[in-house]
Structure formats: structure tokens, C-alpha cells
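# Summary of the model geometry
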Amino acid sequence: MSPTQRASLRHDWQRDEIQTLLERPFNDLLFQAQGVHRQHFDPNAVQISTLLSIKTGACPEDCKYCPQSGHYNTGLQREKLLQLEAVLEEARKAKAVGASRFCMGAAWKHPSARDMPLVLEMVRGVRAMGLETCMTLGMLSREQAEQLGEAGLDYYNHNLDTSPEYYGDIITTRTYADRLETLDHVRESGMKICSGGILGMGESVNDRAGLLQQLANLPVHPESVPINMLIRIQGTPLEHVEDLDPIEFIRTIAVARIVMPRSHVRLAAGRELMSDETQALAFFAGANSIFYGERLLTAQNPQATHDQRLFERLGLHPETREDIDDDAHEAALQQRMAKVRLDAMVTDATARA
Ligand code: SF4
């Protein structure tokens, strides 16, 4: 990473700056985002992840968009935590169709002490196949984050979902501060962060700016930023929310690319609702990661063969490994964390003075 590129990694974004970007003339915004994208990534490479639900439904949280919440009757079939061999079999299949990262999701408030040993075995087993590993298991204590890091988990997914102001309209069983605390534990345990949000939940442009501001102003940008389009599920409180204009979705992708220039921005849930043309625009705006396969946790995802055809039509190719210099990334991360710790010590000392 050149000095100019490093200088472009800001962590002091103001809400109004981001909102101004979101409201730029569309062509200017896309041109800017594509320019930033080309400074940091191969513009025709897309990272591919596969996602498996390792424990489905009956979640005690009340996320208003989620069919897995035990608070809503969505007709979803509940499933217990999968056994190790079943998970490894799915990981083998994912690798065979070109995935470089295997993500495992469990519908929990947080993992229990009883389930942790099996979860850790899953991490070790999938990693031994040469795949990158990612998990999303709900909130983590510091100790659990350390255990996962030691087992070799590469990424932990924990979304902020929306702005701090709108969050309470969507989830009441945990707070924004809880989310940020888990992200802290993950970062301090040496894992990479996957964190993003969901659009189309009735939020305002200012809320979308607020979400991006929170993500971009984390001490280190999340390496992976999933931007989901709400899938309206019958039986959830957001079942009848109005559709989001796809142009607003593309704008948010473009601004995510600008404010987090080195992060992989992922087109996540809701891709099957998008036309090929919307997806093409999203790639142009700086999205460079997708979930691949026919299921995305409990929702339909575009058929793998359809994705292959779309890649061919757009001249895209799968990214075979992280398109970043790991040493430079690690050095930048350590430098940033050292500065954060130093700042905290100075603040602490000033407060006590
Ligand atoms: S924590 Fe996850 S699985 Fe549980 S209700 Fe919220 S989004 Fe769904």
C-alpha cells in the first residue's frame, strides 16, 4: 500500500459529509467510487463466499427482519446445531464450486459454553481444507473471541444493521453498544471483521449515512462489509415495508467503497431480488464480494449457474485469494491498534489528572 493509499484511510467521517456523498449526482458518485476501487483492487475480480446455516431458527433476539427470530411465526423449520461431518461435507462442496471462504452462521444470542468445543472443531476442520473461515454466532465474550482466534477463525461477522438512532426501531433485545463491544473483542483477538448492514428497512438516507459512518470510523475498517437488501419475510414485522429504490442501494454501495477503500464490499442478502443490471451497477460502484450458492442462510440466493453466466457476461472472475498484501495490512492494523491504545491511555491519564 502506497503512502497516498494509506493516507486515504480515514476514521473521522462526519455524518453530513457521508450524506453529501450519498446525495451526489449519480454519475459523479459512481465515477468517484470506481476510481477509488481501481486504486485498491482488481476491478474485475470478485471474492466468493459460501454461507451455511449451522443452527437454524428459535433465536431469542427480536430482529424485525429475521425469519429465524423465535419472536415471529414465519413457518421456518428449526434445526439443531449440525454435526461436524455435515459441516465439513458442505465446505468440501463449496470449495469444489470455487468458494475461497466458507461462512457458518448460527441463530444464537451468543454461543453457549456447551457448544463452543464443536464450533471450534468446525473452524479447524474447514481451515484444514485450505478455505478461509468466517462465523456469525451472535455476541462474543472476550474469552470466546480469543478461543475462536486461536482455533484459526479468519473472520467474524457481526453486523451493525443500521444507524445508532434507528437501531432501537429494529431490535430491542440487545443494544448498539453490545454490538460494538463484540466487534472490539473480535479485533483484539486478531480476527478480521465482517460487519455491515441492511438497507430497505424503512430507514432514512441519514440512517444509511449513520451506518456507514459507524463502520468507517471503527479503529480499523472492517475487512469485509456486507450490504444487504431487506428480504421481506411473511410473519416478520417488516413484512410490508416499502421497497427501497435500487438506485439508493447502489448509492450506498458506492459510498461504502469511498469511505472504506480497502474493504471488500459484499452484495449479500437480497441479491436474488436484483436484476442483473442492478448487480452490474453494484459491481461498478465498488462491490467486489458475493455469496454464492443456492441458499443464503434461510433465503434463496441466485442459482450458482446464473451467477456464472453473469460473471461471463460482465468479464468478471473469482478472486482466488485476498487481493491485499497481508503483511502491509497487518502492519497497518497493528499501527492503528497501537494508536488507539495510546489514545485511550492519554484520555485515561487526562481524566485522572
Ligand atoms: S440475532 Fe441473527 S438469527 Fe437471531 S434474530 Fe437477529 S438476525 Fe436473526
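Residues numbered from 1 in each chain as written. Predicted model: local features only at pLDDT ≥ 70, side-chain atom pairs only at ≥ 80, totals over all residues.

### Quick word on the packing of helix 5 (residues 116-128) against helix 6 (residues 142-151)
Helix packing geometry: the angle between the two helix axes and the distance between the axes. Contact pair helix 5 / helix 6: the axes reach a minimum separation of 9 Å and the direction vectors enclose 30°. With respect to their mutual orientation, helix 5 and helix 6 come out roughly parallel. Our pair here, helix 5 against helix 6, has a crossing hand that is right-handed. Residues M116, L120, V123 and R124 of helix 5 pack against Q144, Q147, L148 and A151 of helix 6. (Axes fitted to C-alpha atoms, helices over the stretch in contact; angles between N-to-C directions. Helix = DSSP H or I, 4+ residues; strand = E, 2+ residues; numbered from the N terminus. Parallel < 35°, antiparallel > 145°, perpendicular 65-115°, else oblique. Left-handed = near helix turned anticlockwise from the far one by under 90°. Contact = placed C-beta atoms within 7 Å.)

### What to know about the UniProt feature "binding site: [4Fe-4S] cluster" (unreviewed entry) in the protein chain
Here the UniProt-annotated "binding site: [4Fe-4S] cluster" (unreviewed entry) positions come out as C59, C63 and C66. Tracing the backbone through its elements, the reader meets C59 in the loop between strand 1 (45-55) and helix 4 (84-96). C-beta crowding within 10 Å serves as the criterion here: with 21 such atoms nearby, C59 is assigned to the buried category. Among residues more than four places away in sequence, those in contact with C59 are Q68, S69, G70, A107 and W108. With respect to the element layout, C63 can be found in the loop between strand 1 and helix 4. (UniProt positions renumbered as here; feature names shortened; annotations may be inferred. Buried ≥ 20, exposed ≤ 12 C-beta atoms within 10 Å, placed from the backbone.)

### Notes on helix 5
Taking 1.5 Å as the rise per residue, helix 5 with 13 residues should run 18 Å; its terminal C-alpha atoms sit 18 Å apart, in good agreement. Those residues of helix 5 that fall on the buried side of the exposure criterion are V119, M122, V123 and V126. One side of helix 5 holds all its buried residues, which, seen down the axis, span an arc of 100°. Of the residues in helix 5, the exposed ones pointing more than 90 degrees away from the buried face are P117 and A128. Against strand 1, helix 4, strand 2 (101-106), strand 3 (132-136) and helix 6 lie the buried residues of helix 5. In the segment just after helix 5, G130 is the residue with positive phi, at about 90°. (Expected span 1.5 Å × (residues − 1). Arc of directions from axis to C-beta.)

### Examining the environment of Q234
Looking at the secondary structure, you find Q234 in the loop between strand 7 (224-229) and helix 10 (246-259). Sequence separation between Q234 and Y72 is 162 residues, and the spatial gap between their C-alpha atoms is 9.5 Å. Beyond its immediate chain neighbours, meaning those up to four positions away, Q234 contacts T74 and E239.

### Remarks on the nonpolar core
Grouped burial of nonpolar side chains is what soluble globular proteins tend to show. Counting 84 residues, the largest nonpolar core has Y156, L212, I253, A254, A256, V259 and A285 as the members making the most contacts within it. A per-element tally of this core places helix 10 first, with 8 residues. If we ignore the near neighbours within four places in the chain, the residues touching A285 are L30, A33, I250, I253, A254 and R257. (Core = buried A, V, L, I, M, F, W, Y, C linked by C-beta atoms within 7 Å.)

### What about the pairing of strand 8 (residues 264-267)?
Taking every second residue as pointing to the same face, both faces of strand 8 are buried, with H264 and R266 on one and V265 and L267 on the other. Strand direction decides the pairing type here: strand 7 and strand 8, joined by 4 bridges, are parallel. Looking at strand 8, one finds that P226 is bridged to R266. A crossover connection joins strand 7 to the parallel strand 8 through helix 10; in handedness this β-α-β unit is right-handed. Where the polypeptide runs from strand 8 across helix 11 (residues 276-285) and back to strand 9 (residues 289-291), its parallel neighbour, the crossover connection is right-handed. (Pairing = 2+ DSSP bridges. Right-handed = clockwise from strand over helix to strand, strands pointing away.)

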